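Topology and contacts: notes
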2 protein chains.
Amino acid sequence: MPLEKPHTAQECTAALGAVQDALYAVGGKWKLPVIAALRDRGPQRFNELQRSIKGISARVLSTELKQMELNGFIHRKIDTGAPVVVTYELTPYADTLGNVLGALREWGAQHRNKIRGKITAEVSPPF
Amino acid sequence: MPLEKPHTAQECTAALGAVQDALYAVGGKWKLPVIAALRDRGPQRFNELQRSIKGISARVLSTELKQMELNGFIHRKIDTGAPVVVTYELTPYADTLGNVLGALREWGAQHRNKIRGKITAEVSPPF
DNA sequence: CAGGATCCGAAGCGATACTG
DNA sequence: CAGTATCGCTTCGGATCCTG
């Protein structure tokens, strides 16, 4: 039931807020690439991860990881051994994004198709 | 099927791109409020719409409307009559966002609930 | 290796004023 | 009414260097 018509102002604003929270959680330039990298190549260490994600700087990777940890998507595992080893991995909670990402991907693919030919540069993020 | 594991690099990058296109289309601070306003109160004229959406400036409303028109969400209807009347309305295509917004809302609500108590200010957009 | 500190340019957004 | 022009602040993200 996608954002239906008959509703109170209260419900509407709440729904609006929820959607924006969700957008905020996966928004930005790098959160998705980080998730993708961890999904594809499994748990990784900081520099390893940075190399996996082409183009990201240490500073940005660091702040993204912190936010995603706050959101519960990522676990920062510290192995206090001979040399301390820090590993980042996706939590099970990250899987709850499945529906969201699925819907976004499906709609996005369809939209890309529809928009094809038009001034793509104006409706897509810069490369 | 939410972004499954076994896939080629090609497919993965494509999916990534699609998701980011979708995020871009509904992202930003005002696109959702604009959609909500048009949904709730029907087709409206520019100033009317600006009054409906508390806090938006004419400049920002103008650019948002343009982008959303490019994306096919909005139709700018020009009635060339005694005084020219311009009306903005949602297109049927805007309805295809239903699943996306539904998924975002559902996950967002659940997430908000889970995060409750934590440093909400740090994971949510400013008010 | 795992980040933090600093600087800088670009983009987003708000406020005000102005035009046809 | 339906916007555009201009300005300035703030945030985002990139680059470089530095440290324990």
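Residues numbered from 1 in each chain as written. Chains lettered and ligands numbered in written order. Predicted model: local features only at pLDDT ≥ 70, side-chain atom pairs only at ≥ 80, totals over all residues. Heavy atoms only, no water.

1. Remarks on the packing of helix 2 (residues 31–41) of chain B against helix 4 (residues 58–70) of chain B
Residues and elements named next belong to chain B. The geometry of helix 2 relative to helix 4 is characterised by a closest axis approach of 10 Å and an angle of 80° between their N-to-C directions. Here helix 2 is positioned roughly perpendicular relative to helix 4, judged by the angle of their axes. From helix 2, Lys31, Val34 and Ile35 reach across to helix 4, where they touch Leu61, Glu64, Leu65, Gln67 and Met68. (Axes fitted to C-alpha atoms, helices over the stretch in contact; angles between N-to-C directions. Helix = DSSP H or I, 4+ residues; strand = E, 2+ residues; numbered from the N terminus. Parallel < 35°, antiparallel > 145°, perpendicular 65-115°, else oblique. Contact = heavy atoms within 4.5 Å.)

2. Focus: the protein's contact with DNA strand C
Near DNA strand C you find 14 residues, and of these Arg45(A), Ser62(A), Arg76(A), Tyr88(A) and Arg59(B) are the closest. Each atom of DNA strand C within 4 Å of the protein was classed as base or backbone; sugar and phosphate made up 64%. Interatomic distance of 3.2 Å between a backbone N/O atom of Phe46(A) and a phosphate oxygen of DNA strand C. Within the residue set of the surface near DNA strand C, elements represented by two or more residues are helix 3 (46–52), helix 4 (58–70) and strand 2 (85–90) of chain A together with helix 4 of chain B. No other element matches helix 4 of chain A, which puts 3 residues into the surface near DNA strand C. In the surface near DNA strand C, the residues fall into 5 nonpolar, 3 polar and 6 charged. (Near = heavy atom within 4 Å. Polar contact = N/O pair within 3.5 Å; in protein donor to acceptor, adjacent residues only side chain to side chain. Nonpolar A, V, L, I, M, F, W, Y, C, P; charged D, E, K, R; others polar.)

3. Side note on the nonpolar core
Judged by nonpolar contacts, the single largest core of 60 residues is most densely connected at Phe73(A) and Phe73(B). Of all the secondary-structure elements, those providing two or more residues to this core are helix 1 (9–26), helix 2 (31–41), helix 4 and helix 5 (98–115) of chain A together with helix 1 (9–26), helix 2, helix 4 and helix 5 (98–115) of chain B. Among all residues touching Phe73(A), those that are not within four sequence positions of it are Ala25(A), Met68(A), Glu89(A), Leu90(A), Thr91(A), Tyr93(A), Ala94(A), Leu97(A) and Trp107(B). (Core = buried A, V, L, I, M, F, W, Y, C linked by side-chain atoms within 4.5 Å. Buried < 20%, exposed > 50% of the residue type's maximum accessible area, 1.4 Å probe, protein only.)

4. Observations concerning the packing of helix 5 of chain A against helix 1 of chain B
Packed helix pairs are characterised by how far apart their axes lie and by the angle those axes make with each other. Across the interface, helix 5 of chain A lies against helix 1 of chain B with an axial gap of 7 Å and an inter-helix angle of 90°. Comparing the axis directions of helix 5 of chain A and helix 1 of chain B gives the class roughly perpendicular. Contact residues: helix 5 of chain A offers Leu101(A), Leu104(A), Arg105(A), Trp107(A), Gly108(A), Ala109(A) and Arg112(A), while helix 1 of chain B offers Ala15(B), Gly17(B), Ala18(B), Val19(B), Asp21(B), Ala22(B), Leu23(B) and Ala25(B). For the contact of helix 5 of chain A with helix 1 of chain B, the residue count by class is 10 nonpolar, 2 polar and 3 charged.

5. Some words on helix 5 of chain A
Between its terminal C-alpha atoms helix 5 of chain A stretches 25 Å, which fits the 26 Å expected from 18 residues at 1.5 Å a residue. Every buried residue of helix 5 of chain A is accounted for by Gly98(A), Val100(A), Leu101(A), Gly102(A), Ala103(A), Leu104(A), Arg105(A), Trp107(A), Gly108(A), His111(A) and Ile115(A). (Expected span 1.5 Å × (residues − 1).)

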